[in-house]
Amino acid sequence: MARKKIGLFMSEITQFFQFYCGKALARLIRERDMDLIVYASFGSYSSPYGRNLLSEIGKKNIIYLPDYKTLDAIIVLPNSFDIPGMDAEFFELVKANATCPVICLQNDFSDQYPEFYSITIENLETMYAMTRHIIEHHRCSDICYMSGPFTSKDSPDRLKGFQLAMAEAGLKIGPNDVYEGNYWTNRGKKAIDFFMGGRDTYPQAIICANDFMALSICDELKSRGKRIPEDVCVTGFDGIWEGQQNNPPLTTVTIRPQSYADAAMKLIDDLFAGKERNHLIHLFDEIDLRQSCGCGMGRKRQDFDNTDSIRKILNQENLLREAGRITGDYQNRYDIENSLSVADYYFGTLGCEKGFICLCDDNDPAMIQVEENVIFPDEMTLMQIMWSDIGTEAQTVNEKFRKEQILPPQYFETDKPGTYIIYPLNYKNKEYGYLILCPAKGEWPNSLVNTYTNSLSSALENNFYQNQYEEFADAKRLSETDPLTGLYNRRGFEKGLSGLLLENGNEKPRETHIGIVSIDMDNLKGINDEFGHAEGDFALRTLADILRSCIHENEISARFGGDEFSVILITKEPDRIRNFTKEFDTLLEQASKNSGKPYPIHASIGISALEGRDTKDIFECMQTADQHMYANKREYKGRKR
């Protein structure tokens, strides 16, 4: 019997909660001899140029990859979906296609989706308790609050908990007392500037909706010469490792990812066993009172072994260096083979045991269209398998399979349970395929996977457009080339002529001499009528070969159709224009004799030097060359009689 498959949907899988919850779920699911399939992506971000909306579409398209009917249970962290509308889009897909239990972690969706299960903590009650602690125990009355994004799922409840505690204590919340942050470490300065708007003194306390923002507040306060907690108390929420190592250690709400993983698997076990379970499950959290709020200030700060801290810092430095090398090595890698080679070379830096690169068929509409309704094609191609072992080269596979299989069965339906983390390979809103990472037991990908995936995606985009450019260049060349002789046709001649008259955007210097040559093959019709068109074609190609041998670099020759040819000569030696006719006639006569054909290959030629540079001068020069050519043609016919 095939192993059960648990689908886990979350973004930013290397962030604190996702990292530890994902690792715990992978261990628990492996112990139950099941497969874990993680559908991952990177979240939204804002730059000075605004949100990258097309990229957001490409990232959230990962939710369209799975065949939901093949999953035996679904676990989702909707709070990690910071791309607007991604959660609602996901839930609609699940409602329409999934037949298995759906478990939401960290958020209560029991009202919106009563058929789903929710595992969460009491965000409102916990933030209420934190705020009451600051008010009652530390006697603070001037308190500011740094919220997460107002659209985030847990932000409203945490904000309400703060507001309720302030209202019960009779404390007013001013217009500059609540700042909307982004759950990250880059808004500390903006938040403090906002809080200080209209006030002369710093608030007594700043309560933050997560630890990353609290750490950014601590750093900014320190840069302004403020002491924590003597001048300003600071608290966080989430209980991340960095908060413990902060100086002073951060007061926070400890949310243990392991507890969520345990609860989710207990729920799945019960549901698989046919047991009834409540659709809303609350977990117990706890407030860790540390020195950043003033608790324990009378105690001596406990020393801790900083070996782990140093190791983490060195590891991050190494990942940053590797990120730079990855982006550098992908530059100028326009063909798919080289791009896959770079992907293999750096795969060992990601902290995973095995990896698969699966690409869309490049003939599929998904590769050439960017509409939202064209995402992953029905057929995918497994291009390459990679291993982290040093010295083990990637295996080129190039095997097609159905999208709903995720991988060809021999790589997926294995003897042992596995963890498969799937990232979309997208450039803006165009999907080129996906990357599958398989971490070893007890491991999880590191933060370098973001740079790795984005760089590979950009390389695939470059490769795609390089191919498009080459196809365009071939089409352009064919549109400007005579197919029989390989010389320019009239269109190519006219374009080449305009380019030759200019040098770096300016007219060529006056000391440069330009000549226009008009050539007409003699008796082509007679050769075709008596010996056949194949012989006429041979004569034309012979003449074209002679023209190519006579002209110099940057000069052009063209066939206008039929028996008409033209040449543009460019030289600083005026004698060359006068001597061109003699050189051409001599070489063509020799080629005719050496051809062994029963007919002569001959052409009449006229040449004229271009005196000016405007359109009128060029037109008159071409007319003069034609006149000389026709005069020579009449003379040649007269000699033949």
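Preceding block: the structure.
All figures in this text were calculated on a predicted structure; none of them were measured in a lab. (Residues numbered from 1 in each chain as written. Predicted model: local features only at pLDDT ≥ 70, side-chain atom pairs only at ≥ 80, totals over all residues. Heavy atoms only, no water.)

Participant: So, the overall build of the protein chain: which residues are in play, and what are the values?
Facilitator: When its secondary structure is counted, the protein chain shows 19 helices and 25 strands. Taking all 641 residues of the protein chain together, the buried fraction comes to 51%. Carbon and sulfur atoms make up 48% of the accessible area of the protein chain, which totals about 31,000 Å². (Helix = DSSP H or I, 4+ residues; strand = E, 2+ residues; numbered from the N terminus. Buried < 20%, exposed > 50% of the residue type's maximum accessible area, 1.4 Å probe, protein only. Areas by Shrake-Rupley, 256 points an atom, 1.4 Å probe, with all protein chains shown as cover.)

Participant: Give a detailed account of the side chain of Asp-177, specifying residues and quantitative values.
Facilitator: Mapped onto the fold, Asp-177 is located in the loop between α5 (155–168) and β9 (178–180). Given the relative accessible area of 10%, Asp-177 is considered buried. A polar side-chain atom of Asp-177 sits 3.3 Å from a polar atom in the side chain of Arg-199. (Polar contact = N/O pair within 3.5 Å; in protein donor to acceptor, adjacent residues only side chain to side chain.)

Participant: Tell me about the sheet that holds strand β11 (residues 233–235), and name the residues and values.
Facilitator: Taking strand neighbours across the sheet as the criterion, the 4 strands line up as β9-β8-β10-β11 in an open arrangement whose pairing is parallel. Each edge of the open sheet is held by one strand with a lone partner, namely β9 and β11. Strand-to-strand, the axes of this sheet are offset by a mean angle of 15 degrees, without reference to chain direction. Where strand β10 (residues 205–208) and β11 come together, 3 bridges link them in parallel fashion. Along β11, the bridge assignment pairs Ile-207 with Thr-235. Strands in contact with helix α6 (residues 188–195) are β8 (143–147), β9 and β10; relative to β9, the strand with the most contacts, it is inclined by about 150 degrees. (Pairing = 2+ DSSP bridges. Axes fitted to C-alpha atoms, helices over the stretch in contact; angles between N-to-C directions. Contact = heavy atoms within 4.5 Å.)

Participant: Talk me through the pairing of strand β2 (residues 35–41); I want residue IDs and the actual numbers.
Facilitator: Within β2, 7 of the 7 residues are buried, which leaves the element mostly enclosed by the surrounding structure. Neither face of β2 is exposed, since Asp-35, Ile-37, Tyr-39 and Ser-41 on one face and Leu-36, Val-38 and Ala-40 on the opposite face are all buried. Bridge analysis of strand β1 (residues 5–11) against β2 gives 7 bridges, and the strand direction is parallel. When the bridges of β2 are listed, Phe-9 appears paired with Tyr-39. Viewed along the sheet, the connection from β1 through helix α1 (residues 16–31) into β2 turns out right-handed. With 4 bridges connecting them, β2 and strand β18 (residues 419–427) associate as parallel partners. Note on β18: the bridge partner recorded for Ile-37 is Tyr-420. (Right-handed = clockwise from strand over helix to strand, strands pointing away.)

Participant: Explain the sheet that holds strand β17 (residues 395–402) residue by residue, including any values.
Facilitator: Here 11 strands make up an open sheet; going across it, the order is β13-β7-β6-β5-β1-β2-β18-β19-β15-β16-β17 and the pairing mixed. One side of each edge strand has no neighbouring strand; the edge strands of this open sheet are β13 (280–282) and β17. Across the sheet, the axes of successive neighbouring strands diverge by a mean angle of 20 degrees, strand direction being ignored. Packed onto the sheet, helix α9 (residues 257–272) meets β1, β5 (73–76), β6 (102–105), β7 (117–120) and β13 and runs at close to 155 degrees relative to β7.

Participant: Can you explain helix α11 (residues 336–347)? Please cite residues and give values.
Facilitator: Helical geometry note: an α-helix holds 3.6 residues per turn, so side chains three or four residues apart project in the same direction. The end-to-end C-alpha distance of α11 is 16 Å, a good match for the 16 Å that 12 residues give at a rise of 1.5 Å each. Listing the buried residues of α11 in full gives Ile-336, Ser-339, Leu-340, Val-342, Ala-343, Asp-344, Tyr-346 and Phe-347. (Expected span 1.5 Å × (residues − 1).)

Participant: Before we move on, could you go through the side chain of Arg-559 and cite the residues and values that matter?
Facilitator: Among the structural elements, Arg-559 can be located in strand β23 (residues 556–561). At a separation of 3.3 Å, a polar atom in the side chain of Arg-559 contacts the side chain of Asp-482. Once residues within four sequence positions are removed from consideration, Arg-559 is found in contact with Asp-482, Leu-484, Thr-485, Leu-487, Tyr-488, Asn-489, Arg-490, Leu-540, Glu-564 and Phe-565.

Participant: An account of unusual backbone geometry is requested, with residue identities and associated values reported.
Facilitator: Residue Ile-228 is joined to Pro-229 through a cis peptide bond whose omega torsion reads 10 degrees. Along the chain, the position of Pro-229 falls in the loop between α7 (211–223) and β11. With an omega dihedral of 5 degrees, the bond running from Asn-247 to Pro-248 counts as a cis peptide bond. Inspection of the secondary structure puts Pro-248 in the loop between α8 (241–245) and β12 (252–254). If you check the backbone angles, Asn-398 has positive phi at about 55 degrees while not being a glycine. Inspection of the secondary structure assignment puts Asn-398 in strand β17. Even without being a glycine, Asn-554 presents a positive backbone phi close to 80 degrees. As for its placement among the helices and strands, Asn-554 is situated in the loop between α17 (533–550) and β23. Relative accessible area serves as the criterion here: at 58%, Asn-554 is assigned to the exposed category.

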